[in-house]
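Examining the three-dimensional arrangement
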Amino acid sequence: MAGAGRAAEEGDDVVAGVSERSLFAMPAPVSLPLAPPPLQQPGKSLPPDVSAPPGVPAVRAASRLRREFGRASWPRLRNGVARAAELELDRGVAFLLIPVFLACGSVAYFSLAAEPGFAKPLAIAILMALCALVSRSWSKTHLCFMAALLCALGMLAGKVETWRAGTRMLGSEISTQITGRVVSVDQMETGRIRLTIDVTSTARPKLRYAPERVRLSARKVPAEVTAGSLVTGYAKLLPPTGPVRPDSYDFSFDSYFAGIGASGFFLGNPKIVSADDRPLWAALSAAIESARESIADHIRDSIGGAEGEIAAALIVGVRAGIPDEINEAMRRTGIYHIISISGLHMALVAGTVMGLLRGGFALFPNFSSRRPVKKYAAAAALFSIAAYLVISGVVVAAERSFIMLAVMLIAVLFDRAALTMRNLAISAIAVIVVSPHEVVGPSFQMSFAATAALVGAYAGWSDRKADKARTPPQRTLPGLLTRKLLLATGRLAMTSIIAGSATALFAIWHFQRVSPLSLFANLAVMPIVSVVMFLAVASALLMPFGFDGPSLYLMGKGLTVMITISGWISQRSPVDAVGLISQQSVLLVAIALVIATMATTWLRLAALPFALAGLLTVSDTRTPDVLISEDARLVALPIGGGELAINRARPNEFTVDNWKRALKSETIVAPELFDSGDRQFDVFDPAQLPAGAPFYCFTGLCMARHPSGAIIAQVEDRKDAWRACAYADLIVIDDPGGYDPCHNPLVLVITKRQLARNGSAAVFFDQQSATEPAQVSFAVDRPYRPWHEQRKFSREARGLPPYRKPEKPNAEPAQ
């Protein structure tokens, strides 16, 4: 934000440059004058008590003073706001708001109920551009049109990215012969191998609309399989799934923009086929991926165990092999961000390289005094993080962090301040233009929220220290070391508090969990992580020469300490599930964060009402009474006491874990199963089920009772559904040919065909009236957006049973 402001062009006595950090300092508030003294009329003296004149009641006097104060203060307040807003514009806040309005446009596009054509967003952008051009003479109107233009450009960027992705998505489950080129190979924690494959052909049957890229797992693959290998095998392909509940993470959305059209597993071990010619870019990509795999294998062999998997994740971004219990411990303690290569790792790598180079240059004072060694170090750091980005797989979080740090290092090369809100805005603009869909994801929101809060807090603290500069007192060496240690601990604690506070609601909205002990975990672990990343950089530099053994050994020991600390704190951490929060609370807090971090005058106080309103509306949402998976096989309902009843003994773990956090449940209650010979179930009256009863399952039928008294039935065959019409308030039919057999408006019937078309469902019972039917909300709206278009082609959505390969007739007829 440095540079001459608009005021510098209006007069010669105005300072041409403004310190970037000083702009964050909040000036002393201007005290507004109180009510003017009453005018003295000729020939009359002032009354002794102005607030309560003789003969006038005190209430009327107070009312008159309030009116006079309002007339006196409102014009001054309005003028003060206008002056502060003009000062904000002079300091460059308009540029900082560019990514905000671009992000608003992208969010609006991805929130639309139907997919628009190119004509509408393009026409809106052109219209807003013309209006902004015409209104240049009216500054306020011009700014409004510019904001609208940026929103329109954000929508257009989202539309362009959607068109550019154009991923072919598999519509229905099928088994076929897959032949394709391996893009990446991942060793999973379960021991299976996961291959990402670019499909070249399919057979038995040949798919007419085959996905271009799939992700398949196998028990074993040939040792020669690397990135770039051509493999073939018979595999079962599954279409991308939707959200596990309404307003949850959409896997179809992520797969569409990642280019993954299907997932599944090999029904045998894949085989290598003869290689053919491939394009230069494919060969280069395969070479990079092979190098990543070789480095990961070398790290695993050198360190071993879970520490080796974490080290491979930190250096080359391969995370599939980390044990689930360690992942969960890190999530509960709030340090899982250490595993994902992002801004922390990029900053540590850049800082390590710059520190080593500047320390080396300091050994040659004659050279350092004549050369811009700081720029040399910044250029080397830029190259190092670029290499780190490539070797880590160019994941989205690392790409965004690289852009942010690259902008800051380039600023150093051009003698500009590195850590500023302007550089952060440039990074955000680059990410939004390249990948607009990231705006609606947790990674973008949490990373930029934390960075903006830290930059703003750092600038404010720096200005406060500058205003109170004084000569430091003389201290002994132990006192000096103690002070340095306390200051470092305090800075680390404040960093964790500020970043955690800025991202708390975003984390709750996306993951329904918080980490109560994250502050203590970060204080204990971050010094270790700093040493580990220094050793990682040293290992990467020494690895080509074969001298990386000691650094990898020490890195493994450091990771052992980190795992031990996270496990110890995780065992003592309270339950982290906090349930659902309202969407409007997240939006209000986001607005408050934008105002608080970007405003540099007293206008930042406007963030307080938004933040307060966001906190007050956190619980302004309704928790579902029943959740149903999109395949109609899994049904769950809270039955009180922190218990969640489900209808399957072996449910999908990921789905159940998500439902537990959303419904604030701690314990899973498995169904009670009755076999076909148990006559006790035949004479059982479902109406006698007590409120809050878990599922009781017979062959093809499960029943439970919600604490409100509503009875839920799940049936597998549509022919048996009519039996539940007499007592059930909700019937879930796990049959694609199912229909509503009850024809009763008080009985809600949800079929497998509905769920295949509209995704998972949340059901809400009317707690006040038993005569009102239950309400249902589905995860996917129609008309479909491009990432959900494949749903209408599934066999279940068309009312057909799953595809089964016809059996070959016997060579000889049975006798």
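Only a predicted model underlies this, so the values are computations on that prediction, with no experimental measurement involved.

When its secondary structure is counted, the chain shows 22 helices and 18 strands. A total of 815 residues make up the chain; the buried ones form 43% of that total. For the chain, the share of sequence-separated contacts (at least 6 apart) that also reach a separation of at least 24 residues comes to 66%. Carbon together with sulfur atoms contributes 61% to the accessible area of the chain, which is approximately 43,000 Å² in total.

With that out of the way, let us pick up unusual backbone geometry. Here the amide bond leading from Arg-204 into Pro-205 is cis, since omega sits at -5 degrees, within 30 degrees of zero. Inspection of the secondary structure puts Pro-205 in the loop between β2 (193-203) and β3 (213-218). With respect to the secondary-structure elements, Arg-204 resides in the loop between β2 and β3. Since its relative accessible area comes to 53%, Arg-204 is described here as exposed.

Bringing the state of the cysteines into the picture now. In this structure the tally under the stated criterion is two disulfides. Disulfide partner of Cys-697: Cys-702, at an S-S distance of 2.0 Å. Handedness here is read from the sign of the S-S torsion; for Cys-697 and Cys-702, about 115 degrees, the answer is right-handed. Of the two residues, Cys-697 and Cys-702, both sit in the buried class. Across a sulfur-sulfur distance of 1.9 Å, Cys-725 and Cys-742 are joined as a disulfide pair. One quick way to see it: the torsion about the S-S bond of Cys-725 and Cys-742 is about -85 degrees, and its sign makes the bridge left-handed.

What follows concerns the environment of Ala-504. In this structure, Ala-504 sits in helix α16 (residues 477-511). Given the relative accessible area of 29%, Ala-504 is considered partly exposed. Residues Ala-504 and Ala-450 lie 54 residues apart in sequence; the distance between their C-alpha atoms is 9.8 Å.

We now examine the environment of Ala-129. Within the secondary structure, Ala-129 is located in helix α4 (residues 119-134). When the C-alpha atoms of Ala-129 and Leu-150 are compared, they prove to be 9.2 Å apart, with 21 residues separating the residues in sequence.

What follows deals with the confidence of the model for the chain. The predicted model of the chain averages 84 in pLDDT, with 86% of residues at 70 or higher. In this model, residues 1-56 is a region of pLDDT below 50 whose contacts with residues beyond four sequence positions or in other chains number 71 contacts. Residue range residues 809-815 is modelled with pLDDT below 50. Its contacts to residues more than four positions away, or to other chains, number zero contacts.

Here we come to the pattern of salt bridges. Working definition: two side chains of opposite charge can pair if their charged atoms are close together. Summed over the entire model, instances satisfying the criterion amount to 16 salt bridges. Between Lys-159 and Glu-115 there is a salt bridge, with its nearest N and O atoms 2.9 Å apart. Taken together, the residues span a long stretch of sequence, with Lys-159 in helix α5 (residues 139-165) and Glu-115 in the loop between α3 (98-110) and α4 at a distance of 44 residues. A salt bridge links Asp-735 to Arg-718, with the nearest nitrogen and oxygen atoms 3.4 Å apart. Remark: Arg-718 occurs in the loop between β14 (711-715) and β15 (730-733) and Asp-735 occurs in the loop between β15 and β16 (748-751); sequence separation between them is 17 residues. For Asp-735, a relative accessible area of 11% gives the class buried. Residue class for Arg-718 comes out partly exposed when judged on its relative accessible area of 31%. The structure contains a network of salt bridges with shared partners spanning Glu-115, Lys-159 and Arg-785.

All right, on to the nonpolar core then. By size, the foremost hydrophobic cluster in this structure holds 75 residues, and its most contacted members are Ile-310, Ile-385 and Met-555. Examining the composition of this core, we find that ten residues originate from one element, helix α17 (residues 518-542), more than from any other. Ignoring anything within four residues of it in the chain, the contact list for Met-555 reads Ala-311, Leu-314, Ile-315, Val-532, Leu-535 and Ala-536. Residues Val-626, Ala-632, Cys-697 and Leu-755 belong to the second largest nonpolar core, which totals 24 residues.

A cluster of basic residues, Lys-465, Arg-475, Arg-483, Lys-484 and Arg-491, forms a positive patch at the surface. Ranked by the residues each element gives to the positive patch, the list is headed by α16, at three residues. Its location among the elements puts Arg-491 in helix α16.

The next subject is the packing of α17 against helix α18 (residues 549-572). Following both chains from N to C, one finds α17 and α18 inclined at 165 degrees, their axes separated by 9 Å at the closest point. Here α17 lies roughly antiparallel to α18, going by the angle between them. The interaxial crossing formed by α17 with α18 has left-handed handedness. On α18, the residues that touch Phe-520, Ala-521, Ala-524, Val-525, Ile-528, Val-529, Val-532, Leu-535, Ala-536, Ala-538 and Ser-539 of α17 are Ser-551, Leu-552, Leu-554, Met-555, Gly-558, Leu-559, Val-561, Met-562, Ile-565 and Ile-569. Considering only residue class, the contact of α17 with α18 consists of 18 nonpolar, three polar and no charged.

If you walk through the whole model with that rule in mind, you get 16 aromatic pairs. Consider the rings of Phe-444 and Phe-448, whose centres lie 4.6 Å apart with planes at 45 degrees: the pair is tilted. One end of the pair, Phe-444, and the other, Phe-448, are both in helix α15 (residues 442-467), four residues apart, so they sit about a helical turn from each other. Phe-448 carries the same exposure label as Phe-444, and that label is buried. A connected cluster of aromatic rings, assembled from ring pairs, spans Tyr-109, Phe-110, Phe-253, Tyr-256, Phe-257 and Trp-787. Directly above the ring of Phe-118 sits Lys-159, whose terminal nitrogen or CZ lies 5.4 Å from the centroid.

How each quantity is defined
- Residues numbered from 1 in each chain as written.
- Predicted model: local features only at pLDDT ≥ 70, side-chain atom pairs only at ≥ 80, totals over all residues.
- Heavy atoms only, no water.
- Helix = DSSP H or I, 4+ residues; strand = E, 2+ residues; numbered from the N terminus.
- Buried < 20%, exposed > 50% of the residue type's maximum accessible area, 1.4 Å probe, protein only.
- Contact = heavy atoms within 4.5 Å.
- Areas by Shrake-Rupley, 256 points an atom, 1.4 Å probe, with all protein chains shown as cover.
- Disulfide = S-S within 2.5 Å.
- pLDDT = per-residue confidence, 0-100.
- Salt bridge = Lys/Arg side-chain N within 4 Å of Asp/Glu carboxyl O.
- Core = buried A, V, L, I, M, F, W, Y, C linked by side-chain atoms within 4.5 Å.
- Patch = residues over 30% accessible without salt bridge, like charges linked within 9 Å, V, L, I, M, F, W, Y side chains within 5 Å.
- Lys, Arg positive; Asp, Glu negative; His and termini not counted.
- Charge placed at Lys NZ, Arg CZ, Asp CG, Glu CD.
- Axes fitted to C-alpha atoms, helices over the stretch in contact; angles between N-to-C directions.
- Parallel < 35°, antiparallel > 145°, perpendicular 65-115°, else oblique.
- Left-handed = near helix turned anticlockwise from the far one by under 90°.
- Nonpolar A, V, L, I, M, F, W, Y, C, P; charged D, E, K, R; others polar.
- Phe/Tyr/Trp six-rings, centres within 6.5 Å; stacked < 30°, edge-to-face > 60°.
- Lys NZ or Arg CZ within 6 Å of the ring centre and 35° of its normal.

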